[in-house]
Every structure is written in structure tokens, then in C-alpha cells.
Amino acid sequence: VHAEIRRRGLLKTNMVLGSALIGMYGKCGAIFKALEVFYELPERNVVSWTALIAAYAQNGLADEALKCYSQMQDQGLIPNEVTFSCVLKVCGRRGLIEIGEQIHAEVAKQGFLLGGNSELLGTALVGMYIKCGRLAEAEEIHKELHFRDPISWSTLISGCAQQGQGCKALDCFELVHRQRISPDVTTLTCTLKACGSIGVISKGEKIHDHIVSLDLLDKYTYLGNALVCMYIQAGALAKAQLVLDEIDAPN
């Protein structure tokens with residue numbers, strides 16, 4: 001497809017195609033190809049710079065992603081919600097809390113958390129603070145979000161479990177239930193891990209019933225893995241064995 005785009009000379013007139021190519025190569029791990037496309041572009045806007053930052057981030061090249069972020073700003077371009085989200089993920093992975101806080105301040109200043117992509121940025125901020133060991137700040141941001149979707153809840157629940165706050169993770173799951181938000185598979189998996197970490201088998205059994213009622217066990221192997229682990233941690237080995245026997249193709 002890239003060869004056909006080049007043959008027609010479309011990169012000279014279509015910025016969207018250039019950014020899509022950079023994104024495709026980044027996701028395929030071909031970072032040098034992504035760079036080649038980037039430098040072929042007659043001009044580079046926020047979308048194309050963000051695509052390159054994301055490509056670096058997806059390939060574990062945190063320093064290059066941050067350098068690219070600085071270069072973009074040096075060019076006089078203002079980052080958008082997607083740019084900030086990509087850089088926040090990098091900060092979380094590397095524990096760069098100071099840069100993360102600077103981006104948080106900039107995001108708040110520009111009012112992005114009140115806009116249409118507030119859940120995207122909000123979830124990225126929650127994830128960054130959690131990975132940097134700042135659970136209280138993550139909770140505060142989550143509370144302030146105008147819209148809390150299953151992804152943002154999963155991020156917070158997972159973070160609570162990772163920080164040894166299993167009870168708090170289950171409290172969050174209860175809030176999801178009370179607000180009539182349908183938990184996604186990731187939310188269910190994270191909550192099962194929290195149940196196992198503090199040995200609350202009764203809550204885990206309810207989630208198990210919910211998973212069975214929606215016929216999710218055969219579709220998502222990692223839900224079965226999480227159930228097996230939860231029952232083992234709670235000392236219910238017979239139930240763990242039953243779940244294992246129900247999985248069509250245990251890994």
C-alpha cells in the first residue's frame with residue numbers, strides 16, 4: 001500500500017495518509033520505516049509528530065519519544081490530547097513523575113480534561129500516577145473526570161490491586177456496579193486479581209457467576225486464568241480445578 005501511495009505521489013498532498021503510514025509502521029515495530037515516512041512529508045503537523053511519538057513509545061524507545069515531544073514544541077506546535085496521552089504513558093513506564101506533573105499542569109491549564117477527549121487524557125493521567133506509585137493523586141483525578149468509562153475504572157482498579165490496596169479496588173468495582181456501568185473484560189480481570197490478593201472469595205464467586213452468565217470464559221482465556229489464580233489464592237483449590245476443567249484450551 002505504501003508503494004502505491006508513493007507511486008501516486010499522495011504523500012505530497014495528504015497529511016492524513018502520512019500519519020497513518022507512520023502509525024502502521026510503528027505498530028509493526030518498523031520504527032526506521034516510520035522515520036523514513038516522517039522525513040518524506042513536505043510538512044509536519046501535530047498529528048504526524050504525535051504518530052511518531054506514539055511509534056517510539058510503542059517500541060519502548062522512551063528517550064526518543066520524549067526528545068520528539070520537545071522537538072515538536074520547539075517547532076512551535078501545540079500538543080493535542082493524543083500527544084499528551086502518548087507522553088504520559090511514557091512517563092508512567094519510566095517513572096518520570098516530574099515530567100508527568102508538568103504535563104498534568106499544562107493539560108489542566110488548557111482545559112483538556114473538560115473537553116471531548118477527557119476520558120482519554122484522564123485515563124492516561126490516572127495510569128501515569130499509578131505507575132509512579134502515586135495512588136492518591138490517581139484517585140483524585142479519576143473522581144474529577146467528567147466521564148468515567150470502563151477503561152478508566154479498569155486502570156484505577158488495577159492500580160489499587162498493584163499497590164496492595166485490594167479492598168479499595170473492590171470498593172471501586174462496587175461503584176462501577178452502582179453506577180450501572182457494564183464492566184469490560186479488563187475490569188473483571190483486575191477485580192478478580194484484587195479478590196485473590198485479599199482472599200475475598202465471595203466477591204470473586206459473584207464475578208465468576210457473571211462471567212458464566214455472559215459466556216465469557218471460552219472467549220477470553222485470561223479471564224479463566226484470573227479465576228484459577230483467584231481461587232488458588234483464596235485456598236479453594238477444588239474450585240480452581242473446576243474452572244480449569246471448564247476452559248476449552250487451557251494454556
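Fair warning: this is a prediction, and the values are worked out from it, not measured in the lab. (Residues numbered from 1 in each chain as written. Predicted model: local features only at pLDDT ≥ 70, side-chain atom pairs only at ≥ 80, totals over all residues. Heavy atoms only, no water.)

## A short note on the overall build of the protein
Okay, so step 1: Across its full length, the protein holds 15 helices and zero strands.
Okay, so step 2: If you line up the protein on its principal axes, its C-alpha atoms span 65 × 40 × 30 Å.
Okay, so step 3: Classification of the 251 residues of the protein by burial places 45% in the buried group.
Okay, so step 4: Counting contacts in the protein only where the partners sit at least 6 residues apart, residues at least 24 apart contribute 57% of the total.
Okay, so step 5: With an accessible surface of roughly 13,200 Å², the protein has 54% of that area assigned to carbon and sulfur atoms. (Helix = DSSP H or I, 4+ residues; strand = E, 2+ residues; numbered from the N terminus. Buried < 20%, exposed > 50% of the residue type's maximum accessible area, 1.4 Å probe, protein only. Contact = heavy atoms within 4.5 Å. Areas by Shrake-Rupley, 256 points an atom, 1.4 Å probe, with all protein chains shown as cover.)

## Describing the nonpolar core
Okay, so step 1: Core analysis: the largest hydrophobic core is formed by 77 residues, its most contacted members being Ile22, Ile103, Val107, Leu125, Leu192, Ile211 and Leu227.
Okay, so step 2: No other element matches the eight residues that helix 4 (residues 46–58) contributes to this core.
Okay, so step 3: In this structure, Ile211 is in contact with Leu188, Leu192, Leu216, Leu217, Leu223 and Leu227, ignoring residues within four places of it in sequence. (Core = buried A, V, L, I, M, F, W, Y, C linked by side-chain atoms within 4.5 Å.)

## Remarks on the packing of helix 6 (residues 81–94) against helix 7 (residues 97–110)
Okay, so step 1: Running from N to C, helix 6 and helix 7 point in directions that differ by 155°, and their axes come no closer than 9 Å. Taken as axis vectors, helix 6 and helix 7 run roughly antiparallel relative to one another. Here the hand of the crossing between helix 6 and helix 7 comes out left-handed. Touching Phe84, Val87, Leu88 and Cys91 of helix 6 are Ile99, Gly100, Ile103, Glu106, Val107 and Gln110, all from helix 7.
Okay, so step 2: Of the residues belonging to the contact of helix 6 with helix 7, the class tally is seven nonpolar, two polar and one charged. (Axes fitted to C-alpha atoms, helices over the stretch in contact; angles between N-to-C directions. Parallel < 35°, antiparallel > 145°, perpendicular 65-115°, else oblique. Left-handed = near helix turned anticlockwise from the far one by under 90°. Nonpolar A, V, L, I, M, F, W, Y, C, P; charged D, E, K, R; others polar.)

## Side note on a negative patch on the surface
Okay, so step 1: Together, Asp215, Asp218, Asp245, Glu246 and Asp248 line one region of the surface with negative charge.
Okay, so step 2: Note that Asp248 resides in the segment after helix 15 (237–246). (Patch = residues over 30% accessible without salt bridge, like charges linked within 9 Å, V, L, I, M, F, W, Y side chains within 5 Å. Salt bridge = Lys/Arg side-chain N within 4 Å of Asp/Glu carboxyl O. Lys, Arg positive; Asp, Glu negative; His and termini not counted. Charge placed at Lys NZ, Arg CZ, Asp CG, Glu CD.)

## Topic: the environment of Arg6
Okay, so step 1: Along the chain, Arg6 turns up in helix 1 (residues 2–8).
Okay, so step 2: Aside from chain neighbours lying at most four places away, what touches Arg6 is Glu36 and Glu40.
Okay, so step 3: In this structure the side chain of Arg6 is engaged in a polar contact, spanning 2.6 Å, whose partner is the side chain of Glu40. (Polar contact = N/O pair within 3.5 Å; in protein donor to acceptor, adjacent residues only side chain to side chain.)

## Remarks on helix 9 (residues 135–144)
Okay, so step 1: For helix 9, the full list of buried residues reads Leu135, Ala138, Glu139, Ile141 and His142. Looking down the long axis of helix 9, one finds its buried residues gathered within 165° of arc, a one-sided arrangement. Residues of helix 9 that are exposed and point over 90 degrees away from its buried face: Ala136, Lys143 and Glu144.
Okay, so step 2: Of the surrounding secondary structure, the elements contacted by the buried residues of helix 9 are helix 7, helix 8 (118–131), helix 10 (150–162) and helix 11 (166–178). (Arc of directions from axis to C-beta.)

## Let's talk about the environment of Glu36
Okay, so step 1: Mapped onto the elements, Glu36 comes out in helix 3 (residues 31–40).
Okay, so step 2: Residue Glu36 is classed as partly exposed on the basis of its relative accessible area of 35%.

## What about the packing of helix 12 (residues 185–198) against helix 13 (residues 201–213)?
Okay, so step 1: Helix 13 packs onto helix 12 with a crossing angle of 155° between their chain directions and a minimal axis gap of 9 Å. Accordingly, the angle class assigned to the pair helix 12 and helix 13 is roughly antiparallel. For the pair helix 12 and helix 13, the crossing hand works out as left-handed. Together, Leu188, Thr191, Leu192 and Cys195 of helix 12 and Lys203, Gly204, Ile207, His210 and Ile211 of helix 13 make up the contact between the two elements.
Okay, so step 2: In the contact of helix 12 with helix 13, the residues fall into five nonpolar, three polar and one charged.

## Side note on unusual backbone geometry
Okay, so step 1: For Arg180, which is not glycine, the phi dihedral falls at a positive 55°.
Okay, so step 2: Of note, Arg180 is situated in the loop between helix 11 and helix 12.
Okay, so step 3: Taking relative accessible area as the criterion, Arg180 reaches 79% and is therefore assigned exposed.
Okay, so step 4: Despite not being glycine, Asp215 shows a phi value in the positive range, around 55°.
Okay, so step 5: Of note, Asp215 is situated in the loop between helix 13 and helix 14 (221–233).

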